[in-house]
Amino acid sequence: QVQLVESGGGLVQAGESLKLSCAASDRTFSTYAMGWFRQAPGKERESVAVISASGGRTYYADSVKGRFTISRDNAKTTVYLQMNSLKPEDTAVYYCNADPIYYSDYSSPPNTGHWGQGTQVTVSS
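Residues numbered from 1 in each chain as written. Predicted model: local features only at pLDDT ≥ 70, side-chain atom pairs only at ≥ 80, totals over all residues. Heavy atoms only, no water.

1. Concerning empty space enclosed by the protein
Taken as a whole and assessed by the stated rule, the structure comprises 1 cavity of 30 Å³ or more. Around the largest cavity, the lining residues are Ala33, Met34, Gly35, Phe37, Val50, Asn97, Asp99, Ile101, Tyr103, Tyr106 and Pro110. Broken down by secondary-structure element, the contributors of at least two residues to the lining of the largest cavity are strand S4 (33–39) and strand S9 (92–99). Per-element accounting of the lining of the largest cavity gives the leading share, 4 residues, to S4. By residue class, the composition of the lining of the largest cavity is 8 nonpolar, 2 polar and 1 charged. (1 Å grid on protein atoms, 1.4 Å probe; cavity = no way out; pocket = protein on both sides within 12 Å on 5 of 7 lines; lining within 4 Å. Points joined across faces, edges and corners; volume = space filled by probe spheres on them. Helix = DSSP H or I, 4+ residues; strand = E, 2+ residues; numbered from the N terminus. Nonpolar A, V, L, I, M, F, W, Y, C, P; charged D, E, K, R; others polar.)

Right under this line is the structure:
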C-alpha cells in the first residue's frame, strides 16, 4: 500500500507562486505514474497534471498549461507541482495520486491508484 503525504499548500495572493510536494512511502515509486488533482468546494475533482513513471510523458489541464510544472525525483520518491501565476480559480484542495498506469486520457481523474489526504491551496484576489 503506497502512502502519500502532500505538503506545501497555503494562502497566497493572485500572481504569486507555490510549490507542492508529495512524498511516497513505497520504494516502487519509480514504477508509478504520479499525478496532481484538485477539488474546489461544490465541484467535482479534476485533473491538473500527471507525469509518467519515467518522467518522459506529462499531461496538463488546459487551465494550468504554461503556469504549472510537474516534476519528480525518483531517488527522493517525491513528486512536485510548481504553481506560478496563481489565480483565485486555482483555489482547491490538491490531491496526489500514484497509479501503475499512465492513462491516455485524463479528462476525468482515474478511479484507480492511491490517494493522499490533500493539501489546501487558497488564492486571494
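Having put the structure on the table, let's press on.
2. Notes on the nonpolar core
Met34, Trp36, Val79, Leu81, Met83 and Tyr94 are the most contacted members of the largest nonpolar core, which has 30 residues in total. Put simply, the parts of the chain that give this core at least two residues each are strand S3 (18–24), S4, strand S5 (46–51), strand S7 (68–73), strand S8 (78–83), S9 and strand S11 (119–124). Judged by nonpolar contacts, the second largest core, of 5 residues, contains Ala33, Phe37, Val50 and Tyr102. (Core = buried A, V, L, I, M, F, W, Y, C linked by side-chain atoms within 4.5 Å. Buried < 20%, exposed > 50% of the residue type's maximum accessible area, 1.4 Å probe, protein only.)

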